Amino acid sequence: MPYPTDRKYTKEHEWIQPNGSTATIGITDYAQQSLGDIVFVELPKPGAELSSGKTFGSVESVKAVSDLFAPASGTVAEVNEALATAPENVNKDAHTAWMLKINLKDSKELDALLSAADYEKFVAEEGGH
Amino acid sequence: MSSLESTTAPSTVRKTALNSVHRQMGAKMVDFNGWDMPVEYPAAIGCGIINEHMAVRTGVGVFDVSHMGDIRLAGPEALAAVQHISMNDAARLSVGQAQYSALLYPQGTFVDDVIVHRLDEDEYLLVINAGTREKDFSWVRGNTRQFDCKVEDLSDAFTQIAIQGPKGVRTLQKLTDADLNAVKFYWVTRGTVCGLKNILIARTGYTAEDGFEIYIPSDEATSARVWYAILEAGKEFGAVPCGLGARNTLRLEGKLPLYGHEISDTINVWEAGLDRFCKMEKPEFVGREALEKSKAEGLKRTLVGLEMVERGIARDGYRVLDSAAGEIGFVTSGSPAPFLKKNIALAYVPPDFSPIGTGVKVEIRGQGVGAAVVPTPFYKRPKMT
């Protein structure tokens, strides 16, 4: 699966798509594949503060629970409520099934994240496939 | 994201004869008790834990369970030896019959749980867990020296394939001359399978569903040929390969114990609720004395089924709390149940908390989340007609 170039990636397998002073956050296709069937996504409420590199929620597959790490700091503006009842949307298309929209604290934080090409290289090395 | 499972296996890990088949099929591999095993197969071929689980409940699923161990006891005193080392009553077995049982330590806790097959007048086959193979074999050998009976580890001689689900019988029947409908649950037969003569076919499994387990020679070419033949034969019933992920959710729905979780060297038979497989009327077996004593003393904890009533998934090792947030026990296995579509768990709690309907909390990342004690097994397969 190609990784969209309109966004940045973390080594913890989140993506962040900037749009001016706001940004949309989700997890990558590699992440959903590694997790397997996703059954539960736990997200913060609008107004919650995200701090870059810190956990902001969790995603559970049948097998395991994994923390979600904030790719950037900011305030939660909107939560994808559809995931509460249809968490499998993340398996179907991880790059469309967004989790949060946030108001960025400092859009320069994104400069330190991985490009699509760098992320692709990173997962190829990590996963060996 | 964190804690994604690694897909590369260290070289010391053991492999079944079907390892390269699993990799070819794109399975996600994990280290399970020192074995490089498939946890699930890819969504691209209709798999994933949920699909694999549903296939077994409604059609048929095929598992490589060659990591399981096999110990053969044969000789004039084989029955006496089996009686001494296992808690069920093997004297009740006819030739061709099998029973669920367990090997116990003198203190009444578990060495392992086993299926005892009586293959012939004086020949028994114990099927044991992968993670406890060496321990079990040396324990069995050490505790049967006084009997005129040969003890052999046949674990590496077999590729063991499980064909599980309501359509398992029709799938396997296409590949064998043995009359499978004549084989009752927990009985075995022998027949030609995929051209291989005298293959042991057992109507057993670990999925709480009807099904078979076959024991074929463990060379890679034969194993792969039979594996693909079964999948092909089951195609019309929606057969899929299944990994350890679905194996775990299937056995959990059926409340089948897993060593290291519901049973272990610190948990005894009464606590685990396996009373009906433990025949105290047998005059002697390892662990019997301690069990008699602990029965008289009464239970301090007991295994219960929990269903989450609030949003959350209980996982292995999570703490169980009472309404005042005091710790009362622990979860042994917890997962979403794909067929029941509920979040379920097994847990040890004091007997006071075991009545059906009792409300408890499971501590999930620091929060007490509501759960209730429910009847088990969570899933019971429909009666065959």
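Residues numbered from 1 in each chain as written. Chains lettered and ligands numbered in written order. Predicted model: local features only at pLDDT ≥ 70, side-chain atom pairs only at ≥ 80, totals over all residues.

Student: Looking at this model, I keep getting lost on the overall build of chain A. Mind explaining?
Tutor: Tallying secondary structure elements over chain A gives four helices and nine strands in all. Listing every helix and strand of chain A by position from the N terminus yields β-β-β-α-β-β-β-β-β-α-α-β-α. The globule rule puts the C-alpha radius of gyration for 129 residues at 14 Å, and the 14 Å found for chain A is close to it. Across its three principal axes, chain A shows a C-alpha extent of roughly 35 × 35 × 20 Å. When burial is assessed residue by residue, chain A has 43% of its 129 residues classed as buried. The contacts in chain A between residues at least 6 apart in sequence include a share of 64% that link residues at least 24 apart. (Helix = DSSP H or I, 4+ residues; strand = E, 2+ residues; numbered from the N terminus. Rg over C-alpha atoms; globule rule 2.2 N^0.38 Å. Buried ≥ 20, exposed ≤ 12 C-beta atoms within 10 Å, placed from the backbone. Contact = placed C-beta atoms within 7 Å.)

Student: Before we go on, may I ask you to explain the overall build of chain B in this structure?
Tutor: Within chain B one finds nine helices and 19 strands. Against the globule reference of 21 Å for 385 residues, chain B gives a C-alpha radius of gyration of 21 Å, in line with a compact fold. Taking the principal axes of its C-alpha atoms as reference, chain B extends roughly 65 × 55 × 50 Å. If you take every contact in chain B between residues at least 6 apart in sequence, the share linking residues at least 24 apart comes to 66%.

Student: Mind showing me how you'd approach the sheet that holds strand 3 (residues 61-64) of chain B here?
Tutor: In a beta sheet, neighbouring strands pair by backbone hydrogen bonds and run either parallel or antiparallel. All names here are of chain B. Pairing within the open sheet is mixed, and its six strands lie in the order 10-11-12-9-3-13. For this open sheet the edge positions go to strand 10 (188-193) and strand 13 (240-242), each flanked by a neighbour on one side alone. The average undirected angle you get between the axes of adjacent strands in this sheet is 30°. The strands touched by helix 6 (residues 220-233) are strand 3, strand 9 (158-164), strand 10, strand 11 (196-202), strand 12 (211-217) and strand 13; relative to strand 9, the strand with the most contacts, the crossing angle is about 5°. (Pairing = 2+ DSSP bridges. Axes fitted to C-alpha atoms, helices over the stretch in contact; angles between N-to-C directions.)

Student: What is the right way to look at the sheet that holds strand 8 (residues 150-153) of chain B in this model?
Tutor: All names here are of chain B. Spatially, the five strands line up as an open sheet ordered 5-6-7-4-8, and their pairing is antiparallel. In the strand order of this sheet, the two ends are held by strand 5 (98-104) and strand 8, each with one partner. The average undirected angle you get between the axes of adjacent strands in this sheet is 25°. Of the pairings in the sheet, the one linking strand 4 (residues 69-74) to strand 8 comprises four bridges and is antiparallel in character. Directly across from A74, in strand 8, lies its bridge partner K150. Strands strand 4, strand 5, strand 6 (110-120) and strand 7 (123-128) of the sheet are contacted by helix 3 (residues 78-85), whose axis makes an angle of about 130° with strand 4.

Student: Sorry, what's going on with unusual backbone geometry here?
Tutor: The bulk of non-glycine residues show a negative phi, and the bulk of peptide bonds are trans. Residues and elements named next belong to chain B. With omega at 0°, the peptide bond leading from T376 into P377 counts as cis. Summarising the element assignment, P377 is placed in the segment after strand 19 (367-374). Unlike most non-glycine residues, A208 shows phi in positive territory, near 60°. With respect to the helices and strands, the residue A208 is situated in the loop between strand 11 and strand 12. The exposure class of A208 is buried, given the 22 C-beta atoms found within 10 Å. Notably, R365 is not glycine yet its phi reads approximately 45°, a positive angle. Structurally, R365 can be placed in the loop between strand 18 (359-364) and strand 19.

Student: Explain the nonpolar core to me, please; I cannot follow it from the model alone.
Tutor: Across soluble globular proteins, nonpolar side chains show a tendency to be buried alongside one another. Judged by nonpolar contacts, the single largest core of 142 residues is most densely connected at V82(B), Y124(B), I161(B), L306(B), A314(B), A347(B) and V362(B). Those residues in contact with V362(B) that lie beyond four places of it in its chain are L306(B), G312(B), A314(B), Y318(B), V320(B), V331(B), A345(B), V369(B) and A371(B). (Core = buried A, V, L, I, M, F, W, Y, C linked by C-beta atoms within 7 Å.)

Student: I'm lost on the confidence of the model for chain B in this one. Help?
Tutor: In the predicted model, chain B carries a mean pLDDT of 96, and 97% of its residues have values of at least 70. Here the prediction assigns the complex a pTM of 0.94, and the interface score ipTM is 0.87. (pLDDT = per-residue confidence, 0-100.)

Student: Can you walk me through the environment of Q17(A) in this structure?
Tutor: Residues and elements named next belong to chain A. By the element assignment, Q17 lies in strand 2 (residues 14-19). C-beta crowding within 10 Å serves as the criterion here: with 18 such atoms nearby, Q17 is assigned to the partly exposed category. Through-space distance from the C-alpha of Q17 to that of V59 is 19 Å; in sequence the pair is 42 residues apart.

Student: Explanation requested: the pairing of strand 1 (residues 28-32) of chain B in the structure shown.
Tutor: It is a general feature of regular strands that their side chains alternate between the two faces of the sheet. Residue and element names in this part refer to chain B. Where strand 1 meets strand 2 (residues 35-40), five bridges bridge the pair, whose relative direction is antiparallel. Each bridged residue has a counterpart across the sheet, and for K28 the counterpart in strand 2 is E40. Where strand 1 hands over to strand 2, the hairpin turn is made up of two residues, of which N33 adopts a positive phi near 50°.

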